[in-house]
Amino acid sequence: MESKYNYFKRDISWLSFNYRVLLEALDERLPLYERINFISIYSSNLEEFYKIRVADHKAVASGATESDEETVQSARELVEEINKEVTRQLDDRVRIYEQKILPALRKNHIIFYQDNHVEPFHQQFIKDFFREEIFPYLQPVPVSKDKIVSFLRDNRLYLAIRVYPKKEEKNKGEEPKENIEKYTGECINERNDGEGIKVGMEAARPNVTDLRHPLYFVMKQPYAKVPRFIELPSREKNHYLMFTEDIIKANLNLIFPGYDVDSSYCIKISRDADILIDDTASSADLVAQLKKKVKKRKIGDVCRFVYDRAMPSEFLDFLVDAFRIQRDELVPGDKHLNLEDLRHLPNPNKSLHSLEKPKPMKLTVLDEKESIFNYVAKKDLLLYYPYHSFEHFIHFLYEAVHNPETREIMVTQYRVAENSAVINTLIAAAQNGKKVTVFVELKARFDEENNLATAEMMQAAGIKIIYSIPGLKVHAKVALIRRRGLNGEKIPSYAYISTGNFNEKTATLYADCGLFTCRKEIVADLYNLFRTLQGKEDPKFTTLLVARFNLIPELNRLIDREISLADEGKQGRIILKMNALQDPTMIDRLYEASEHGVQIDLIVRGICCLIPGQSYSRNIRVTRIVDSFLEHARIWYFGNDGTPKVFMGSPDWMRRNLYRRIEAITPILAPDLRDSLIEMLNIQLADNQKACWVDDKLQNIFKKRTPGTPAVRAQYTFYDWLNKTNS
């Protein structure tokens with residue numbers, strides 16, 4: 001049955017979010033290098049998007065795989081729509097970079113050469129640096145049609161180079177006018193004419209008397225050996241930077257001494273990075289599959305061929321044929337690709353200040369001498385990362401290790417840091433004689449190898465490892481400390497439910513929440529969940545909401561309650577904060593609630609397939625916040641006629657989270673903690689600095705500050721609020 005409602009396309013909505021990330025580079029209130037970092041984040045996001053989402057659509061479009069959600073034709077149309085939108089965004093990225101970022105760098109005495117005139121006083125340095133530091137690592141590879149195709153590695157930068165054999169002196173003469181025009185503006189061969197190095201459109205052209213057959217080469221950039229960005233000698237108060245590829249371009253004649261270098265352009269390949277595994281396999285088979293297939297990630301099918309948009313069409317046509325690129329894989333880029341590397345851009349001007357981000361605070365009630373166990377035995381504890389220190393959670397585990405009454409530590413692992421303090425503490429617990437059980441989700445994309453390695457390390461230390469459940473992902477972020485008195489008496493056990501991973505590195509970057517409690521009903525539910533992960537029983541949950549068990553029925557009941565209130569003339573109110581809203585069934589419920597008059601605010605960072613501004617969504621508003629930290633918490637508020645119900649946990653409202661994963665959500669039962677979450681939601685809805693409305697065209701419409709009202713930058717305002725209440 002066809003729905004009467006409409007939805008945004010998931011991937012086009014995601015592109016709207018990523019464009020919002022790019023817009024941060026325009027915010028002149030931010031420190032310059034913070035703006036540059038947002039260009040890096042935008043570019044990195046886009047790379048992963050092509051490797052996963054676009055690769056999936058291309059597989060359907062080619063007939064290689066089948067999908068219940070799209071046809072071959074719809075997949076082709078979607079890839080075309082994606083590429084069109086990405087091209088538009090990349091045009092804006094070029095303008096932001098060239099017209100905003102580079103002038104701002106120059107204003108701060110950082111001259112970043114960009115394929116243009118290089119000052120004469122750097123000429124010798126560039127030549128010497130090339131010969132001594134770069135040249136030994138370069139290896140041009142010839143490219144020709146109908147022969148062995150060179151393999152281009154995933155996400156590596158290459159120079160595509162066109163050269164012509166030099167002619168004998170006796171054949172020199174005046175070149176025909178049409179050939180002169182052909183070479184003008186294309187040649188980037190360095191010529192030393194005493195006026196400095198030309199690495200842009202002004203370089204010399206070959207002087208020939210006839211058309212010669214061009215030769216083509218590709219050359220991988222040696223970034224494993226040489227940094228992407230080179231600091232050149234300063235002069236007076238100015239500092240100078242240069243891309244390594246521009247230094248290479250300026251010296252191509254030294255690499256091809258028997259040729260006239262016509263032109264060169266950057267290219268790169270993005271490859272399908274998704275791993276197709278038999279999801280019904282046993283744990284042992286799954287481990288074997290992953291070990292084998294993760295190594296093949298870098299040789300997946302091409303999903304994007306990015307090239308310098310200044311490349312002439314005949315040059316591009318040659319590469320397309322030689323590397324057997326499909327036309328729908330072509331994405332025009334800037335002359336400098338892989339701008340995710342900008343996060344490593346050197347800052348030679350030490351007077352340029354970085355952003356003063358909120359520093360993680362330690363709760364005064366939990367100083368180093370205070371037992372978290374003793375505190376939580378009296379009242380629930382809610383931490384907000386990165387505003388609160390993740391060291392509190394590490395201390396919680398450490399206390400469990402050394403508490404003689406600890407019977408067992410049970411934890412889920414989805415994504416953990418390398419050399420993880422969490423994992424090291426669990427290993428210490430096992431070595432200290434504690435029973436430790438860790439559920440490891442092997443199918444966490446791009447973390448498969450790290451999860452395998454840490455699982456094997458934990459297993460070697462005596463930790464019981466439970467691997468992925470066939471057909472499911474376990475996305476819940478939970479820990480359980482089971483205790484028993486030394487004389488067998490019952491004493492409190494402790495539960496921890498979070499919106500984020502047990503990862504101390506991302507805990508300084510992602511905005512998440514974590515609840516500590518020893519409430520018996522939550523502890524019992526969490527223990528039942530771990531038993532389920534071990535395949536021991538089909539549990540009943542009384543308090544926790546668990547995806548694939550009681551989550552959907554309870555969400556429907558909560559929405560129905562708000563609809564009933566609105567029908568009675570009372571206020572129906574829903575606030576939902578999450579990363580993504582995609583499931584059409586739940587979106588339909590929100591549309592329905594809106595039609596009944598329920599007032600709904602959505603705070604959705606990324607994908608939002610719900611369309612605001614329609615007759616059936618007139619009571620729904622969509623807010624997006626992008627700022628210093630990645631908004632990652634999932635918090636749900638239902639007004640309940642003045643006695644609010646507030647929940648937090650791991651799932652977004654996407655099909656995969658609601659129906660194909662194990663997710664855990666807890667109600668916030670302590671009134672003071674519930675009120676603090678409501679305060680956070682209200683502050684985010686009041687944001688007039690970094691918040692946008694998402695309109696019915698998927699545009700990011702910045703919220704404007706009403707005259708006479710205070711400036712509210714939610715992340716910083718909430719940090720200040722937490723700081724004041726830290727007593």
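Residues numbered from 1 in each chain as written. Predicted model: local features only at pLDDT ≥ 70, side-chain atom pairs only at ≥ 80, totals over all residues. Heavy atoms only, no water.

A few points about the packing of helix 1 (residues 10–23) against helix 3 (residues 72–107)
Here comes step 1: Contact pair helix 1 / helix 3: the axes reach a minimum separation of 11 Å and the direction vectors enclose 5°. Judged by the inter-axis angle, helix 1 sits roughly parallel to helix 3. Packed against helix 1, whose contacting residues are D11, I12, L15, S16, Y19 and L22, the element helix 3 presents L78, E81, I82, E85, V86, R88, Q89, D92, R93 and I96 at the interface.
Here comes step 2: Along the lines of polarity and charge, the residues of the contact of helix 1 with helix 3 split into eight nonpolar, two polar and six charged. (Axes fitted to C-alpha atoms, helices over the stretch in contact; angles between N-to-C directions. Helix = DSSP H or I, 4+ residues; strand = E, 2+ residues; numbered from the N terminus. Parallel < 35°, antiparallel > 145°, perpendicular 65-115°, else oblique. Contact = heavy atoms within 4.5 Å. Nonpolar A, V, L, I, M, F, W, Y, C, P; charged D, E, K, R; others polar.)

Brief notes about the sheet that holds strand 26 (residues 645–649)
Here comes step 1: With respect to topology, nine strands assemble into an open sheet ordered 20-28-26-25-21-22-23-29-30, the strand pairing being mixed. Looking at strand neighbours, the two that pair on one side only are strand 20 (545–546) and strand 30 (700–702), the edges of this open sheet.
Here comes step 2: Sheet analysis places strand 20 next to strand 28 (residues 664–667), joined by two bridges and oriented antiparallel. Each residue of the ladder has a partner; that of V546, found in strand 28, is A664. (Pairing = 2+ DSSP bridges.)

Some points on the pattern of salt bridges
Here comes step 1: For the structure shown, the criterion picks out 47 salt bridges.
Here comes step 2: For D260, the salt bridge identified is with K166, shortest N-O distance 3.0 Å. Remark: K166 occurs in the loop between strand 4 (158–165) and helix 5 (177–183) and D260 occurs in strand 9 (residues 259–271); sequence separation between them is 94 residues.
Here comes step 3: Residue classification places D260 among the buried residues on the basis of a relative accessible area of 10%.
Here comes step 4: Owing to a relative accessible area of 45%, K166 belongs among the partly exposed residues under this scheme.
Here comes step 5: Residue R573 pairs with D601 through a salt bridge whose shortest N-O separation is 2.9 Å. Here R573 is found in strand 21 (residues 573–578), whereas its partner D601 is found in strand 22 (residues 599–604), with 28 residues between them in sequence.
Here comes step 6: Given the relative accessible area of 6%, D601 is considered buried.
Here comes step 7: Each member of the salt-bridge network shares a partner with another, and the members are R20, E24, D27, R29 and K690. (Salt bridge = Lys/Arg side-chain N within 4 Å of Asp/Glu carboxyl O. Buried < 20%, exposed > 50% of the residue type's maximum accessible area, 1.4 Å probe, protein only.)

Overview of helix 18 (residues 671–686)
Here comes step 1: Counted at 1.5 Å a residue, the expected span for helix 18 with its 16 residues is 22 Å, and the 22 Å between its end C-alpha atoms agrees.
Here comes step 2: Among all positions of helix 18, only L673, R674, S676, L677, I678, M680, L681, I683, Q684 and L685 are buried. (Expected span 1.5 Å × (residues − 1).)

A word on the pairing of strand 14 (residues 435–440)
Here comes step 1: Most of strand 14 is tucked away, with five of its six residues classed as buried.
Here comes step 2: Pairing analysis gives six bridges linking strand 13 (residues 406–413) to strand 14, with the strands arranged parallel. Residue pairing for strand 14: T412 is matched across the bridge by F439.
Here comes step 3: A crossover links strand 13 with its parallel partner strand 14, the connecting element being helix 12 (residues 421–431), and its sense is right-handed.
Here comes step 4: Pairing of strand 14 with strand 15 (residues 464–466) involves three bridges; the strand directions are parallel. Considered in strand 15, the bridge of F439 is made with I466. (Right-handed = clockwise from strand over helix to strand, strands pointing away.)

Some points on the sheet that holds strand 8 (residues 238–243)
Here comes step 1: Across the sheet, which stays open at both edges, the three strands sit in the order 1-8-7 with mixed pairing between neighbours. What marks the edges here is a single partner per strand, and that holds for strand 1 (110–113) and strand 7 (229–235). On average, adjacent strands in this sheet sit at an angle of 25° to one another, irrespective of strand direction.
Here comes step 2: Here four bridges tie strand 1 to strand 8, and the two strands are oriented parallel to one another. Considered in strand 8, the bridge of I110 is made with H239.
Here comes step 3: Along the sheet, helix 3 contacts strand 1 and strand 8; its crossing angle with strand 1, the most-contacted strand, is approximately 135°.
Here comes step 4: Where helix 4 (residues 123–134) meets the sheet, it contacts strand 7 and strand 8, and its direction lies at approximately 150° from that of strand 7.

Points about the confidence of the model for the protein chain
Here comes step 1: Summarising the model, the protein chain shows a mean pLDDT of 88, and 89% of its residues fall at 70 or more.
Here comes step 2: Across residues 170–210 the pLDDT falls below 50, and counting only partners more than four positions away or on other chains, this stretch makes 83 contacts in the model. (pLDDT = per-residue confidence, 0-100.)

Looking at the environment of E80
Here comes step 1: Within the secondary structure, E80 sits in helix 3.
Here comes step 2: Given a relative accessible area of 58%, E80 falls into the exposed group.
Here comes step 3: For the pair E80 and D328, spaced 248 residues apart in sequence, the C-alpha to C-alpha distance is 6.9 Å.

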